[in-house]
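# Close look at the chain arrangement
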Amino acid sequence: MKAYYLILKDLKVESRRGFEIISLFLFVLVASFLISQSSYFMSRKITIPAFWLTIIFVSVFVSTTTFVREIDSKTIFGLKLLPISPLLMFISKTAFTYILVISQGFFGMLFLALFSSNWKIFSITPLFIVFSFYLSSVSSFSSALVMYSEGRSFLIPMLIFIFVAPIILTVLKSDVFTLLLESIVLFLTFIALFEFVIEI
Amino acid sequence: MIEILDVWKKFGKKWVLKGINLKVKNLTAILGENGSGKTTLLKIACGLLKPNRGTVKVFGFDVRKSYEYKSKIGVLFHENVLYEELTLRENLLFFSKMYGFGKLNDLTKNLLKKLGLEKYSNSKVKNLSHGLKRRANFVRAFLNDPKVILLDEPLAGLDESAKEAVLEIIDQLSDEKTILFTSPAEVEIQCKKYRLCGGVLN
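Description of the structure in this document. (Residues numbered from 1 in each chain as written. Chains lettered and ligands numbered in written order. Predicted model: local features only at pLDDT ≥ 70, side-chain atom pairs only at ≥ 80, totals over all residues. Heavy atoms only, no water.)

## Overview of the overall build of chain A
If you tally the helices and strands in chain A, you get 10 helices and 0 strands. The N-to-C order of helical and strand elements in chain A reads α-α-α-α-α-α-α-α-α-α. Computed over the C-alpha atoms, the radius of gyration of chain A is 17 Å, within 12% of the 16 Å expected from 2.2 N^0.38 for a compact globule of 200 residues. With the C-alpha coordinates of chain A rotated into their principal frame, the extents come out at 55 × 35 × 35 Å. Per element, the accessible surface of chain A, about 9100 Å² overall, is 75% carbon and sulfur. Averaging the positions of the 14 positive and the 10 negative side-chain charges in chain A gives two centres separated by 7 Å. (Helix = DSSP H or I, 4+ residues; strand = E, 2+ residues; numbered from the N terminus. Rg over C-alpha atoms; globule rule 2.2 N^0.38 Å. Areas by Shrake-Rupley, 256 points an atom, 1.4 Å probe, with all protein chains shown as cover. Lys, Arg positive; Asp, Glu negative; His and termini not counted. Charge placed at Lys NZ, Arg CZ, Asp CG, Glu CD.)

Written out as structure tokens, the structure is:
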């Protein structure tokens, strides 16, 4: 129940920062349009990889709204003194990131399908759902890892790309099962490490 | 009860706290100039900051090794820890729920009234003045009806009437709660007073 309250609070805060949601939405819209045009003039093979890249950038953006924002606004002090385990804190932030990444991703797929008149893009939905989970845990963990660093806005994208690099081939091969296993292993590793990261 | 046992803390090469020993059972004040280490000591006392040496126990729980004590402790920070985009009421309800209460307790309602915050309940925190934010953060520290309360400069940024109200509240609650607060200047309240100077408590 406490995880639910944490997620709800984050969603409420995010929804009241309308300009951020709108800019993220516009980014997805413009990126989808450009991808559809490129695939029309060049090759349809680039559509899916370009879409994955868009989703990675969305996760980079969302990572700045989780732990990084908590430390920027000093609300991390209040959060750290709540009687909740670090595990609960990490899971709720990952769930919040997942909601944002997956909603923006679905918009992206919808725009891509509309702009390129190619509804086959929805065939990647299972892979997209698992990849979003992977990205959400990477995004939350990276946000927590660098939140005390002054160069966090530079470090977060670097970290996310480093964490995503090992699974790029799995994603491009559309191997959902392997990606799911890798996502679960990574998520459990992050959970084990998170307590040390937050207590620094 | 808070036990601060041989706490040492340094930033860079400078020792800010040098072997602080303190047992707090009732109302206790730590006085000291800006930069004397009051906030550092309070952050160590609530478990937010790791000392280089020494331990802090709240009701016997080591604050660096457990989080059970967190439901028994209330802390007022110098910083605003309320969410700016939420209203005051939404903030207080969120924190109450996180402490396991479905609604605001009587103590919180009473404090909101005494500090004149009732009419700002539906205002977003970002729209409140600095003084009102300080009052709101003061109320937040009492949301879980804590047994131990740590207040970092509770009078800072408040007008005279609010200062009086806060001192009155502290005085009233000191009979039933353990309260440790800091102040850069002398305060007119009956309590144990220590002075933090050069990293040592006198």
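## Topic: the nonpolar core
Proteins that are soluble and globular tend to have nonpolar side chains buried together. Ranked by size, the top nonpolar core spans 131 residues in total, and within it Phe131 of chain A together with Ile2, Ile4, Phe138, Phe142, Leu150 and Leu151 of chain B carry the most contacts. The element that contributes the greatest number of residues to this core is helix α6 (residues 86–116) of chain A, accounting for 10 residues. Dropping the residues within four chain positions of it, Phe142 of chain B is found in contact with Asn105, Leu107, Thr108, Leu111, Ile149, Leu151 and Leu173 of chain B. (Core = buried A, V, L, I, M, F, W, Y, C linked by side-chain atoms within 4.5 Å. Buried < 20%, exposed > 50% of the residue type's maximum accessible area, 1.4 Å probe, protein only. Contact = heavy atoms within 4.5 Å.)

## As for the interface of chain B and chain A
Every contact between the two is made by 27 residues of chain B and, on the other side, 22 residues of chain A. The contact between chain B and chain A buries some 2400 Å² in all, and 68% of this surface belongs to carbon and sulfur atoms. Ranking the residues of chain B by area buried against chain A places Tyr83, Glu85 and Met98 of chain B at the top, with a combined share of 28%. Where chain B packs against chain A, one counts 3 salt bridges. Residue Arg17 of chain A is joined to Glu85 of chain B by a salt bridge in which the shortest nitrogen-to-oxygen separation is 2.6 Å. Connecting chain B to chain A are 7 residue pairs in polar contact (both at pLDDT 80 or more). Among the elements that make up the side of chain B that touches chain A, the one with the highest residue count is helix α2 (residues 88–98) of chain B (5 residues). Looking at side-chain class alone, the side of chain B that touches chain A contains 14 nonpolar, 4 polar and 9 charged residues. (Buried area = accessible area lost by both parts, 1.4 Å probe. Salt bridge = Lys/Arg side-chain N within 4 Å of Asp/Glu carboxyl O. Polar contact = N/O pair within 3.5 Å; in protein donor to acceptor, adjacent residues only side chain to side chain. Nonpolar A, V, L, I, M, F, W, Y, C, P; charged D, E, K, R; others polar.)

## Notes on the pattern of salt bridges
Counted under the stated rule, the structure contains 20 salt bridges over all chains. In this structure, the salt-bridge partner of Lys93 of chain A is Glu70 of chain A, at a minimum N-O distance of 2.7 Å. With Lys93 of chain A in helix α6 and Glu70 of chain A in helix α4 (residues 67–72), this pair connects stretches of sequence that are 23 residues apart. Of the two residues, Lys93 of chain A and Glu70 of chain A, both sit in the buried class. In this structure, the salt-bridge partner of Lys193 of chain B is Glu186 of chain B, at a minimum N-O distance of 3.0 Å.

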